Amino acid sequence: MLDEGEMSLNEWEIGEAEDIFARLRARLRSAVIGRDAVIDLVLVALVADGHVLLEDFPGSGKTTLAKALGEAIVDDQPSPKDIRGFRRIQFTPDLLPSDVTGTSVFSREESTFHFRPGPIFAHVLLADEINRTSPKVQAALLEAMAEKQVTVDDATRPLDEVFFVMATQNPLDLAGTYPLPVAQLDRFLFKIRMTHLDPASEMEVLRSIEERRRGPTVDPVPRSSVITLRERADKVFVHEAIHEALVDCAQRLRSDERTLQGVSTRSLVLAVPALKARALMQGRSHVQSEDLELLLPYVFGHRMETAGGVQLEEVLNDALAPALERLARRTLMEAS
């Protein structure tokens, strides 16, 4: 199915990428126990230049995960002094857009205004309980996520190239919240639902408290290495059959009578870099069907709406299975 001549990544480039992924994964797994699948999805989103929405319960490790990722990336190139590795915003109903983006402050000594950057100027930003703040504040953050810049007092200021947002919302406590509309949910590459840890992982959390307090033993990754991963992922080969499978799955979702709102073309466009990043993480120079099977539920799930009483996972599986089967048949035919 794949033309080897079209693959532009060599073994050395793939090996170096695997090493960077391994270091990032080791840093995060040493800080957060029992979340290996979530960690891999977060790293895929980081390399795909997307953002992640975590739907979780309090105390599930979201802050620890985001902080560990921020501390795992260090500056090795000149960058604005206002950019930090990790920052957190606790969203509340009385928060203002300027509390996120920053504001201009008047200096009496110099008789002029100086920009005081907000917490959005970071490599990794944890937007905690994003559904607890007003739509105006949500819009300010989501605009920055899409454009990687903020505009304050008619001046546009760029964010860091490795700007990555992990937002959270509680799936149960909905009192006094401002649910994100579908158009704003579309800013997130993945929506990941986190459940409670299994007993074995919880036991390991308790056993390793002191060890984790001492900090990770793996060196952090330079910021330039994250950019390198993105450049390498761009070179991962995507066969036309993968594109056909994406379109096939989207068409089936839209035509399913259980679907009230299907996925957009934009979601297909955003899925491609995620598939490339996942393939690179697995040490491959091309996308395979297993990448689609793993990632598409996280890409499509929050962009869809189903009829009452219908399980979203069931609709997704029914649409994805024929597309993957058709892809497998075409692979076998071209390989024979």
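In this text, all values refer to a predicted model and were calculated from it rather than measured experimentally.

Undergrad: Hey, could you run me through the overall build of the chain in this one?
TA: Helix and strand counts for the chain come out as 13 helices and 13 strands. Scaling as 2.2 N^0.38, a compact globule of 336 residues should have a C-alpha radius of gyration of about 20 Å, and the chain matches this with 21 Å. Structurally, the chain occupies a C-alpha span of about 75 × 50 × 45 Å along its principal axes. A buried classification covers 48% of the 336 residues belonging to the chain. The contacts in the chain between residues at least 6 apart in sequence include a share of 79% that link residues at least 24 apart.

Undergrad: Mind showing me how you'd approach the pairing of strand β8 (residues 155-158) here?
TA: Remark: a regular strand shows side chains that alternate across the two faces of the sheet. In this sheet, β8 lies alongside strand β7 (residues 149-152) in antiparallel orientation, the contact comprising four bridges. Across the sheet, residue T151 finds its bridge partner in β8, namely T156.

Undergrad: Hey, could you run me through the sheet that holds strand β1 (residues 52-55) in this one?
TA: Sheet strands pair by backbone hydrogen bonding; their relative direction is either parallel or antiparallel. A sheet is described by the order of its strands in space; here five strands give the open sequence β3-β6-β9-β1-β10, paired in parallel fashion. The sheet is open, and its two borders are formed by β3 (84-90) and β10 (190-193), each paired with just one other strand. Each neighbouring strand pair of the sheet contributes to a mean axis angle of 15°, computed without reference to strand direction. Where β1 meets strand β9 (residues 164-169), four bridges bridge the pair, whose relative direction is parallel.

Undergrad: Help me understand the side chain of R25, please; the structure alone is not making it clear to me.
TA: Locating R25 in the fold gives a position in helix α1 (residues 11-31). The residues contacting R25, other than those within four sequence positions of it, are I39, D40, L43 and M281.

Undergrad: Can you help me understand helix α5 (residues 135-147) in this one?
TA: One turn of an α-helix holds 3.6 residues; hence residues three or four places apart share an orientation. Helix length check: α5, at 13 residues, gives a terminal C-alpha distance of 18 Å against a target of 18 Å (1.5 Å per residue), a fit within 8%. Lining the buried residues of α5 we find α4 (97-101), β6 (122-128), β7, β9 and α6 (182-185). In the segment just after α5, K148 is the residue with positive phi, at about 55°.

Undergrad: Would you explain the nonpolar core in this entry?
TA: Counting 74 residues, the largest nonpolar core has L69, F190 and F300 as its most contacted members. Not counting residues within four places of it along the chain, the set of residues in contact with F190 comprises L41, V44, A45, H51, V52, L53, A274, L295, Y298, V299 and H302. Membership of the second largest hydrophobic core comes to 26 residues, among which are V100, A144, V150 and L185.

Undergrad: Looking at this structure, how should I read the packing of α1 against helix α11 (residues 265-281)?
TA: Between two packed helices, the angle of one axis relative to the other and the distance separating the axes together describe the packing. Taken N-terminus to C-terminus, the directions of α1 and α11 make an angle of 90°; their axes are 9 Å apart at the nearest point. Here α11 runs roughly perpendicular to α1, going by the angle between their axes. In this structure, α1 contributes A17, E18, F21 and R25 to the contact, and α11 contributes A277, L280 and M281. Here the contact of α1 with α11 is built from residues that sort into five nonpolar, no polar and two charged.

Undergrad: Mind showing me how you'd approach the packing of aromatic side chains here?
TA: Think of a pair of aromatic rings as described by two things: how far the centres are apart, and how the planes are tilted against each other in angle. This model, assessed by the stated rule, comprises two aromatic pairs. Arranged with centres 5.9 Å apart and planes meeting at 70°, the rings of F115 and F121 form a pair that is edge-to-face. Comparing F115 with F121, the two get one shared label, buried. Summarising the aromatic geometry, the rings of F190 and Y298 are spaced 6.4 Å apart at their centres and angled 65° between planes, so their arrangement reads as edge-to-face. With F190 in strand β10 and Y298 in helix α12 (residues 289-300), this residue pair connects regions lying 108 residues apart in the sequence. A residue is classified by how much of its surface remains accessible, and Y298, at 27% relative accessible area, is partly exposed. If you follow R157 out to its NZ or CZ, it ends over the ring of F115, 3.9 Å from the centre.

Undergrad: Would you take a moment to explain the pairing of strand β4 (residues 102-107) for this structure?
TA: Two elements, β4 and strand β5 (residues 112-117), share six bridges in a ladder whose sense is antiparallel. Along β5, the bridge assignment pairs T103 with R116.

About the criteria used
For every chain, the first residue of the written sequence is number 1, and numbering continues from 1 onward in sequence order. Since the coordinates come from a predicted model, pLDDT governs what is reported: local features require at least 70, and pairs of side-chain atoms require 80 or more to be given and counted, while whole-chain, interface and lining totals use all residues. Only hydrogens and water are removed before side-chain values are computed, so all heavy atoms of the structure are retained for them. Helix and strand definitions follow DSSP, with helices as H or I runs of at least four residues and strands as E runs of at least two, each counted in order from the N terminus. With the radius of gyration taken over C-alpha atoms, the globule rule is written as 2.2 Å times the number of residues to the power 0.38. For every residue, the accessible area obtained with a 1.4 Å probe (protein chains only) is divided by the maximum for its type, and the residue is called buried under 20%, exposed over 50%, and partly exposed between those limits. Contacts: residue pairs with any heavy atoms within 4.5 Å of one another. For two strands to pair, DSSP has to find at least two bridges joining them. Here, axes are lines fitted to C-alpha atoms. For helices the fit covers the stretch in contact, and angles between N-to-C directions go from 0 to 180 degrees. Expected span of a helix: the number of residues minus one, times 1.5 Å. Residues belong to a common nonpolar core when they are buried Ala, Val, Leu, Ile, Met, Phe, Trp, Tyr or Cys residues joined through side-chain atoms within 4.5 Å. For classification, angles of less than 35 degrees are called roughly parallel, those exceeding 145 degrees roughly antiparallel, those between 65 and 115 degrees roughly perpendicular, and all remaining angles oblique. Residues are grouped as follows: Ala, Val, Leu, Ile, Met, Phe, Trp, Tyr, Cys and Pro are nonpolar; Asp, Glu, Lys and Arg are charged; every other residue, Gly included, is polar. When two rings of Phe, Tyr or Trp (its six-membered ring) have centres within 6.5 Å they constitute a pair, described as stacked for plane angles under 30 degrees, edge-to-face for angles over 60, and tilted for the intermediate range. To sit over a ring, a charge needs its Lys NZ or Arg CZ within 6 Å of the ring centre and within 35 degrees of the ring normal.

Any functional reading would require information beyond the geometric quantities listed.
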